[in-house]
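# Structural description and commentary
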Amino acid sequence: MRKIVVLSMITLDGVMQGPGAPGEDPSGGFKHGGWVAPYDDEVYDEVVKKELQPADYLLGRKTYEIWAAYWPHHGEFWPGINEGMKYVLSKRLNQSDPMVAGWKNSEVVKGVADIKKIKEGNGRDIHVWGSSELVQLLLAHDLVDELRLKIHPLILGKGKKLFDNGSMPSAFTLTESIVTPTGVIIAAYMRAGKIGTGTVGERYELKDPTEG
């Protein structure tokens with residue numbers, strides 16, 4: 001079985017929209033595109049370089065359209081991006097669409113059943129970049145095996161978010177973390193099963209406050 005790995009740049013309030021450039025995704029009147037730029041440094045770049053190693057990719061339609069217009073002409077900056085399999089979740093696109101047909105190793109998937117079939121097959125890990133609605137769909141169906149988050153020290157107040165109220169309750173284990181010189185927390189979390197509950201302080205022996 002293949003792992004689905006979500007890689008996301010987010011703010012303290014969970015916004016993930018338009019991190020890379022001002023015009024990347026202005027939908028909904030979003031005016032803060034390019035908010036990642038002030039936090040770039042050598043540590044950050046080294047982490048990103050490792051994340052750009054060859055994989056297969058699962059993308060939402062909007063992210064796919066942005067990528068399909070750019071990466072076929074700039075593959076030297078991302079080794080393997082054009083050779084890797086690209087799955088695009090879309091009810092609008094089809095396999096004969098010029099955008100899909102024009103970017104090699106691209107395939108349209110229509111829903112959760114298709115994603116589960118891909119996940120249950122053999123092959124490389126499947127990376128999900130951007131694609132907020134897709135990520136929320138995956139979380140709602142408990143299909144995310146790993147989260148790799150870059151948590152930036154700012155609040156934007158509005159914009160597309162990584163999590164919403166439809167996520168399946170689930171626990172994750174922190175497997176790796178680092179803080180960059182500009183204050184970005186980079187953390188990797190592996191799926192750990194069901195959440196645990198209890199009462200705060202129940203594992204401590206409660207003492208009579210009148211005793212010393």
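My aim in this report is to walk through the structure given alongside it, one point at a time.

The rules we used
Residues numbered from 1 in each chain as written. Predicted model: local features only at pLDDT ≥ 70, side-chain atom pairs only at ≥ 80, totals over all residues. Heavy atoms only, no water. Helix = DSSP H or I, 4+ residues; strand = E, 2+ residues; numbered from the N terminus. Contact = heavy atoms within 4.5 Å. Phe/Tyr/Trp six-rings, centres within 6.5 Å; stacked < 30°, edge-to-face > 60°. Buried < 20%, exposed > 50% of the residue type's maximum accessible area, 1.4 Å probe, protein only. Salt bridge = Lys/Arg side-chain N within 4 Å of Asp/Glu carboxyl O. Core = buried A, V, L, I, M, F, W, Y, C linked by side-chain atoms within 4.5 Å.

## Examining the environment of Y39
- Position of Y39 among the secondary structure elements: in the loop between β1 (4-11) and α1 (42-51).
- Expressed as a C-alpha distance, the spacing of Y39 and T182, which sit 143 residues apart in the sequence, is 5.5 Å.
- In this view, Y39 contacts Y44, H152, P153, L154, T182 and V184; residues no more than four positions away in its chain are not counted.

## Points about the packing of aromatic side chains
- Here the structure, examined in full by the defined rule, presents seven aromatic pairs.
- Ring plane angle 65° and centroid distance 5.1 Å describe the contact between W67 and W78, whose orientation is recorded as edge-to-face. One end of the pair, W67, is in helix α2 (residues 61-70); the other, W78, is in the loop between α2 and β3 (86-89), and eleven residues separate them in sequence.
- Of the residues examined, W67 reaches a relative accessible area of 11% and is grouped as buried.

## Some details on the pattern of salt bridges
- In the structure shown here, the tally under the stated rule is twelve salt bridges.
- Between R2 and D56 there is a salt bridge; the shortest N-O distance is 2.5 Å. Remark: D56 occurs in strand β2 (residues 56-60) and R2 occurs in the segment before β1; sequence separation between them is 54 residues. Like R2, the residue D56 is buried in the burial classification.

## Some words on the nonpolar core
- If you look at the biggest cluster of nonpolar residues, it comprises 30 residues, and the most contacted ones within it are Y57, Y64, W67, W78, I81, W103 and W129.
- Put simply, the parts of the chain that give this core at least two residues each are β1, α1, β2 and α2.
- Not counting chain neighbours up to four residues away, the residues in contact with I81 comprise Y57, W67, W71, G75, K86 and W103.
- Counting 24 residues, the second-largest nonpolar core is a separate cluster that includes I4, V6, V135 and I151.

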